[in-house]
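# Notes for the structure review
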Amino acid sequence: MVLPRKLPQSPSSPSAPTSQMMSSKTSSHTNYGMGSRVPYPLSAARDALKAGLVPEPYRPVSFTAPVVLANAWAMGKPPAQSWADPEDPNEIPDQITSGRKRVMPYGNSLTNCPFERDSSNLPINPMGKTGITGRGELGLWGPNPAADPIIFRSNKDKTLSVLLVQRADGSKQWAFPGGMVDPTDSTISATAARECREETGLTLENLAKYSLGEIYRGYVDDARNTDNAWMETNAFAWLLPFDVPSNKIKIFDASTQSDETLSIMWVPVTDDLLQDGKLFASHGAILRAAIQKLSG
Ligand code: BGC
């Protein structure tokens, strides 16, 4: 059994750059530019960070994608066109009192990871700088919560497969069939089940007895993160035995495409798959943590 080499970083111990020296190395973000739908603008600060340097002076580029601004909450706008926070975070209390649900109270994180706010009330990314301020492609100021189902299947020959989707975003990378928490989801695990059903056709409600529980809850090293908006996820795993009845694990055809996915597959868990950079965002590290739980 392959054991994890490096677990996802814990939000309680952020490794944000501390030194202002140009030669200092950073390690908190590595996935720049892999997985956004909207191209992010050029930023010399981002390039320096990508190269492992701490830019001094720090001159980030401000960017909030037009689609986020077009869907920012404003009094009287229909809910379908106001899934994003208002551009001025000071209007969030009005958003809440007007009845527009937010996924979580402003200032809180899914993972209880504390973060500061600047003098304009903008959340500050607890894992350090990204070279981009604003919200980029993310709808919420501060933490943007997601949920991920990790579905393992044991094969008859004792090898292991995991259910993955190929994302239809700029990364085209393979990933868990997860997604963003919707304000109408009753719990985070309900988000994982809903996303799994929508993206793969698999109904997790029938498979509760194979649940391995929670694997990860924390910050995600996601290409879309900015200095003021970032991804967090809660990942849960299941282990299906090889003789699980096939009518319980029906999934869509591999070639089924949607807005979110290009393909769906049971992918063999190999050493190669577990290497950093093979899967979307932090999914490789989260997969290693799940394997550790399996073998533990
Ligand atoms: C994805 C999740 C992922 C999260 C953080 C969401 O868009 O659907 O699978 O964990 O982003 O990267």
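Above: the structure in question.
These notes cover the structure that comes with them. Every value quoted in this text rests on a predicted model; they were computed, and no experiment measured them.

Conventions and cut-offs
- Residues numbered from 1 in each chain as written.
- Predicted model: local features only at pLDDT ≥ 70, side-chain atom pairs only at ≥ 80, totals over all residues.
- Heavy atoms only, no water.
- Phe/Tyr/Trp six-rings, centres within 6.5 Å; stacked < 30°, edge-to-face > 60°.
- Helix = DSSP H or I, 4+ residues; strand = E, 2+ residues; numbered from the N terminus.
- Buried < 20%, exposed > 50% of the residue type's maximum accessible area, 1.4 Å probe, protein only.
- Lys NZ or Arg CZ within 6 Å of the ring centre and 35° of its normal.
- Pairing = 2+ DSSP bridges.

## Some details on the packing of aromatic side chains
Considering all chains together, one arrives at two aromatic pairs under this definition. Taking 5.2 Å as the distance between ring centres and 80 degrees as the angle between the ring planes, the aromatic pair formed by phenylalanine 115 and tryptophan 230 counts as edge-to-face. Placement of phenylalanine 115 in the loop between α3 (92-97) and β2 (132-136) and of tryptophan 230 in strand β8 (residues 229-240) is noted, with a sequence separation of 115 residues between them. Accessibility classification places phenylalanine 115 together with tryptophan 230 in one group, the buried group. Its guanidinium or amino end placed over the ring of tryptophan 266, arginine 153 lies 5.2 Å from that ring's centre, counting from NZ or CZ. A cation over an aromatic ring shows up here: arginine 167 above the ring of phenylalanine 280, its NZ or CZ 3.8 Å from the ring centre.

## A closer look at the pairing of strand β4 (residues 160-167)
Taking burial as the measure, the eight residues of β4 include eight buried ones, the bulk of the element. Side chains Leu160, Val162, Leu164 and Gln166 of β4 all project onto a buried face; the interleaved residues Ser161, Leu163, Val165 and Arg167 project onto the opposite face, where all are buried too. The pairing of strand β3 (residues 142-154) with β4 spans three bridges and is classified as antiparallel. Counterpart to arginine 153 in the pairing with β4 is serine 161.

## Brief notes about unusual backbone geometry
A cis amide bond, omega 0 degrees, links glutamate 56 with the succeeding residue proline 57. Within the secondary structure, proline 57 is located in the loop between α1 (44-50) and β1 (61-64). Despite not being glycine, alanine 281 has its phi angle at roughly 45 degrees, a positive value. As for its placement among the helices and strands, alanine 281 is situated in the loop between β9 (261-268) and α5 (283-295). Alanine 281 gets classed as buried once you look at its relative accessible area, which sits at 13%.

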